[in-house]
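Spelled out, the chains give:
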Amino acid sequence: MQQAIASRGANRRNITMMLIAAAVFSLMDMVMKLLSAHYPAMQVAALRALVALPLVGAYVVWRGAHRSMLQIRWGMHLLRAVLGIAMLALFAYGLQTLSLAEAYTIFFIAPALITALSVVFLKEHVSGAQWIAIAVGMGGVLVVLRPSGAGFLTMGGLAVLCAAAFYAVSAISVRILARTDRGEHMVVWLMVMMAIGASALAAPNWVPLRAEHTLLLCGLAVTGFIGQLAITAAFSSGETSKVAPFEYSALAWGVGLDWLLWRVLPDYYTLIGAAIIIGSGIYLIRHERVHAEAEHP
């Protein structure tokens, strides 16, 4: 009885942290969209990592993880950095032409991609019903990308779809790395390597930073850092299947920010696609919980 009460309490706390993470990351993406109107996508990706480094470094020292920072699997960390750079640059590029709501809707295909990739990289079993849900989710993406006329497969939409694919591969790499490396090490080395790699790639076309964007850069640092802590806390305990669906609350934030700043609302295709993608994603999360309970009753 006490264990059930404690589990419910942990779920409530973690759901709250997930709602905070979704809100804060939405604000971070809003800042990235604002910056992407003035700077190249690769530079925005570099700035995302550069401005977060001081806060991440202080956090790692506070956690006492700096003493063993070199005891890591370097190859896997380099892979994560490459994936992270590509994901951020593509997402920033997509935000140049897409609303936040459209970008989020396409990006929500990531849970389905993670499930599919787990078969290849983690040797997990995926049932026929799960494969159907993945296919339905991809169908939802096609709805958002406009399967007819001039809107078919826009460059911005394809960029966000590719970003979701890179994110899914990165999530698989995190599962593998978590077997041997500390979470603090994964965060700090991802930021360090992304800052170096993205800055080097952005250097040829680097645009001088404007003084009027100082507050935006500070906001980028703070929202990225707080969002990372919140989402880490959200998955630290409790039942993932009950917490993960609240990540979709980011869509509500995207719609609100789109209207507040750009006076844009999602159209019919985006809303229908969002319903399809979110529905398939929730099914996959719930299916994972049921499967886990069957294995460990």
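Going by the structure above, here's the rest.
These numbers come from a predicted model, not from an experiment.

This paragraph deals with unusual backbone geometry. Phi at Lys123 is positive, roughly 60°, even though this residue is not glycine. Unlike most non-glycine residues, Arg263 shows phi in positive territory, near 55°. Looking at the element boundaries, Arg263 is found in the loop between helix H11 (250-262) and helix H12 (268-295).

Per the stated rule, a full pass over the model turns up eight aromatic pairs. The interplanar angle of 75° and the centroid separation of 5.6 Å between the aromatic rings of Phe91 and Phe107 together place this pair among those described as edge-to-face. With Phe91 in helix H3 (residues 74-95) and Phe107 in helix H4 (residues 100-107), this residue pair connects regions lying 16 residues apart in the sequence. Owing to a relative accessible area of 17%, Phe107 belongs among the buried residues under this scheme. Where Phe107 meets Tyr167, the ring centres are 5.3 Å apart and the plane angle is 55°; that geometry is what we call tilted. Residue Phe107 is located in helix H4, and its partner Tyr167 is located in helix H7 (residues 155-177); the two are separated by 60 residues in the primary sequence. Assessed through its relative accessible area of 30%, Tyr167 is described here as partly exposed. Seen from the ring of Trp259, Arg263 lies directly overhead, with NZ or CZ sitting 5.0 Å from the centre.

Positionally, Leu53 belongs in helix H2 (residues 41-63). Taking the relative accessible area as the measure of exposure, Leu53 reaches 26% and is therefore partly exposed. In contact with Leu53, not counting residues within four places along its chain, are Met191, Val192 and Ala195.

As for its placement among the helices and strands, Asn11 is situated in helix H1 (residues 2-36). Taking C-alpha positions, Asn11 is 7.1 Å from Lys242, a pair spaced 231 residues apart along the chain.

Here helix H5 (residues 110-121) crosses helix H6 (residues 128-144) at 135°, and the two axes come no closer than 9 Å. Judged by the inter-axis angle, H5 sits oblique to H6. You can see that H5 and H6 cross each other, and the crossing is left-handed. Two secondary-structure elements touch here, H5 through Ala112, Leu113, Thr115, Ala116 and Val119 and H6 through Gln130, Trp131, Ile134 and Met138. Among the residues making up the contact of H5 with H6, the classes are represented as seven nonpolar, two polar and no charged.

How each quantity is defined
- Residues numbered from 1 in each chain as written.
- Predicted model: local features only at pLDDT ≥ 70, side-chain atom pairs only at ≥ 80, totals over all residues.
- Heavy atoms only, no water.
- Helix = DSSP H or I, 4+ residues; strand = E, 2+ residues; numbered from the N terminus.
- Phe/Tyr/Trp six-rings, centres within 6.5 Å; stacked < 30°, edge-to-face > 60°.
- Buried < 20%, exposed > 50% of the residue type's maximum accessible area, 1.4 Å probe, protein only.
- Lys NZ or Arg CZ within 6 Å of the ring centre and 35° of its normal.
- Contact = heavy atoms within 4.5 Å.
- Axes fitted to C-alpha atoms, helices over the stretch in contact; angles between N-to-C directions.
- Parallel < 35°, antiparallel > 145°, perpendicular 65-115°, else oblique.
- Left-handed = near helix turned anticlockwise from the far one by under 90°.
- Nonpolar A, V, L, I, M, F, W, Y, C, P; charged D, E, K, R; others polar.

Honestly, it's all geometry; don't read function into it.
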